[in-house]
Amino acid sequence: MTMYLPERILVAPSGFKESLSAVEVADAIASGIRRVLPGVRVDSFPVPDGGEGTLDILATHPGTRVHQIEVTGPVGAKVKAKWLEFVDRKVAVMEMAQAAGLSLVPHNLRSPGSTTTFGVGEILADILDSGISTIVVGCGDSGTSDGGAGALMALGARILDADGNAIRLGGDALVDAHSIDTSELHPGLATASITLACNIHNVLTGPKGVAEVFGPQKGATSQQVRHLGAALDHWADLLEETFKPERDLRGPGSGASGGLGAGLMAVGASARNRFDVLLGELPSAANEDLSSLIAAADLVITAEGAIDFQTPHGKVPAEIARRAQRTGVPVLGIAGSLGKGAPRVHDVGIAAIQSIMTVPMALEDAVRDGRELLVDATERAVRMLQLGSVLASRSEDKVRRKWLDPQAA
């Protein structure tokens, strides 16, 4: 009986937010595969998506240098952050999550209307002060919804209320913003080329805007969502009035990282598909590496913390599936949880999905035991593939016997 099992598997996941980095997810999945298929070749390609872990992945490439800096975190306390320099190319890459990520916001302080991107602006200023003017800002895993106001403040903008006083930090305070004094903006912005590597499906305002879609994920109540939505709408008007930008501050990418996209687009940044930037240009060979690994694989396993209705719209599993479809390689998706609309991922090329949780459990328990749960879930998935191979082989044998000896069948 001929067995049809994969000889080469590509593992290409994102990280599990607040639990496992993309590198750790890839390692756990590989361990689960080898429990069942110890001799199979496993290729690992943790996918940089602009969020936490992006710099760690990119820093493995030659010609990079890590810079350390202390900045203001999302709740005001100082945090240690870093940014990455591609030395020969004089290009800097930063993660906004280093200064304003959700993991930096204690659970009891998760109110997106009060957290700030001030530290993001401090990292940008540090990069500009170093003499680098080509900057990629990774957008993802944010714990803020301030429309980039904090970042602009750190870069020298003064956001004033009707009495000429500086407004408070945080998105809720934007409703009081009356004018923006740009006289002391960092001079390096005038010649800088800033690219936001983001999910361009995210917009600042409206029913699919920052407040409505991401506010509840960051701890906002329904009343806070309404207030924050109004504040961000007012903020967009003020940005447009002040900077008269060429780009639409309510358009694609404007809602990246809690509206950081809109704030930085106002001062000239451009929003682009994060995978085009991070896989196609930094370094230039990464896209070719991923394409060749997919083409050589018999199976691709991708993963993210939650597979739901948002996954088809610019998330890592959907991007991997889109690329795999070019060569017809099947894709399996593993998730920390399967949420509302999860089956929609089948429409973008993910053949099957599986959650790491088999029984109801508290989120903190799933986060704590994430690696073990992921290894076990991968083992279960591969055993199902193994069963499918046995069934396919038996079916083929029946057809062969029937063809050779119709009476025996």
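Throughout, residues of each chain are indexed from 1 in the direction in which the sequence is written. Selection of residues for local features in this predicted model requires a pLDDT of at least 70, selection of side-chain atom pairs for listing and counting requires 80 or more, and totals for whole chains, interfaces and linings are taken over all residues. Water and hydrogen atoms play no part in the side-chain values, which are based on all heavy atoms of the structure.

The name given to the protein chain in an unreviewed UniProt entry is Glycerate kinase, with the source organism recorded as Corynebacterium mustelae. Check the Sequence similarities (unreviewed entry) section of the UniProt entry for the protein chain; it says "Belongs to the glycerate kinase type-1 family." UniProt positions are given in the numbering used here, feature names are shortened, and annotations may be inferred rather than shown by experiment.

A. Broad picture of the domain arrangement of the protein chain. For the protein chain, the assigned domains read domain 1 (8-46 + 287-404) and domain 2 (54-277). The gap between the C-alpha centroids of domain 1 and domain 2 is 33 Å. A contact between two residues is defined here by any heavy atoms of the two lying within 4.5 Å. With 12 residues of domain 1 at the contact, the number on the domain 2 side is 13 residues. Both sides of the domain 1 and domain 2 interface together cover about 1,000 Å² of buried area, and 54% of this is carbon and sulfur. Among the residues of domain 1 in contact with domain 2, Lys17, Glu18 and Gln310 are the three that bury the most area, contributing 41% of the side total. Only one rule defines a salt bridge in this text: a Lys or Arg side-chain nitrogen within 4 Å of an Asp or Glu carboxyl oxygen. Applying the counting rule to domain 1 against domain 2 returns one salt bridge. Between Asp141 and Lys17 there is a salt bridge, with the nearest N and O atoms lying 3.8 Å from each other. Definition of a polar contact: a pair of N or O atoms within 3.5 Å, with one able to donate and the other able to accept a hydrogen when the atoms are protein atoms, and with sequence-neighbouring residues admitted only if both atoms are side-chain atoms. Inspection of the domain 1/domain 2 interface yields two residue pairs in polar contact (both at pLDDT 80 or more). Helical segments are the DSSP runs of H or I of at least four residues, strand segments are the runs of E of at least two, and each set is numbered from the N terminus. At the level of secondary structure, the elements contributing two or more residues to the side of domain 1 that touches domain 2 comprise α1 (22-36) and α11 (316-325). It is α11 that provides the largest number of residues to the side of domain 1 that touches domain 2, a total of three residues. Gly counts as polar in this scheme, as do all residues outside two lists: the nonpolar Ala, Val, Leu, Ile, Met, Phe, Trp, Tyr, Cys and Pro, and the charged Asp, Glu, Lys and Arg. Split by residue class, the side of domain 1 that touches domain 2 holds four nonpolar, three polar and five charged. Segmentation of the chain into domains, including their bounds, is taken from an automatic or database domain assignment. When two parts are brought into contact, each loses some accessible area as probed by a 1.4 Å sphere; the total of that loss over both is the buried area.

B. Region of the structure containing the sheet that holds strand β13 (residues 352-355). Read across the open sheet, the five strands follow the order β2-β1-β11-β12-β13; overall the sheet is parallel. With one partner strand each, in any of the chains shown, β2 (41-44) and β13 form the two edges of the open sheet. Recorded for the sheet is a direction-independent mean angle of 25° between the axes of neighbouring strands. In short, DSSP must find at least two bridges between two strands for them to pair. Two elements, strand β11 (residues 299-307) and strand β12 (residues 331-338), share seven bridges in a ladder whose sense is parallel. Note that in β12 the partner of Ile307 across the bridge is Leu338. Note on method: axes are straight lines fitted to C-alpha atoms, helices fitted across the in-contact stretch only, with angles between N-to-C directions ranging 0 to 180 degrees. Helix-sheet contacts for α11 involve β11 and β12, and the interaxial angle to β11 is about 160°.

C. The side chain of Ser14, seen in detail. If you trace the backbone, Ser14 turns up in the loop between β1 (8-11) and α1. Residues within four places of Ser14 in sequence aside, it is in contact with Ala22, Val25, Val47, Asp49, Ala303, Glu304 and Val316.

D. Structural detail: the pattern of salt bridges. Within the structure shown, the criterion is met by 19 salt bridges. The shortest N-O distance in the salt bridge between Arg41 and Asp43 comes to 3.1 Å. Taking relative accessible area as the criterion, Arg41 reaches 45% and is therefore assigned partly exposed. The residue Lys78 makes a salt bridge to Glu122 at a minimum N-O spacing of 4.0 Å. In this pair, Lys78 sits in strand β4 (residues 78-86) while Glu122 sits in helix α4 (residues 118-129), placing the two residues 44 residues apart along the sequence. A single network of salt bridges, built from pairs that share partners, joins Arg35, Asp376, Glu379 and Arg383. When a residue's accessible area, from a 1.4 Å probe over protein chains only, is under 20% of the maximum for its type it is buried; when over 50% it is exposed; and in between it is partly exposed.

E. Just helix α8 (residues 256-266), in detail. Of all 11 residues in α8, 11 are buried; the element is thus mostly enclosed. For α8, the complete set of buried residues consists of Ala256, Ser257, Gly258, Gly259, Leu260, Gly261, Ala262, Gly263, Leu264, Met265 and Ala266. Two residues or fewer past α8, Gly268 is found with a positive phi of approximately 110°.

F. Seen up close, the environment of Val210. By the element assignment, Val210 lies in helix α6 (residues 210-214). Accessibility expressed as a relative area gives 0% for Val210, which makes it buried. Not counting chain neighbours up to four residues away, the residues in contact with Val210 comprise Ser145, Val203, Leu204, Gly215, Leu232, Gly255, Gly258 and Gly259.

G. Structural context of the nonpolar core. Nonpolar cores were defined as sets of buried Ala, Val, Leu, Ile, Met, Phe, Trp, Tyr and Cys residues, with membership established by side-chain atoms within 4.5 Å. Counting residues in hydrophobic clusters, the biggest one holds 60 residues, and the most contacted among them are Ile123, Val137, Trp235 and Leu239. It is helix α7 (residues 222-243) that contributes the most residues to this core, nine residues altogether. Once residues lying within four places of it in the same chain are set aside, the contact partners of Trp235 are Asp146, Gly147, Ala149, Leu152, Ile159, Leu174 and Ile180.

H. Representation of unusual backbone geometry in the model. Although it is not a glycine, Asp141 adopts a positive phi angle of roughly 60°. As for its position among the elements, Asp141 is in the loop between β6 (134-138) and α5 (149-154). Of note, Lys244 is a non-glycine position whose phi angle comes to about 45°, a positive value. Position of Lys244 among the secondary structure elements: in the loop between α7 and α8. Here Lys244 falls in the exposed class, since its relative accessible area comes to 65%.

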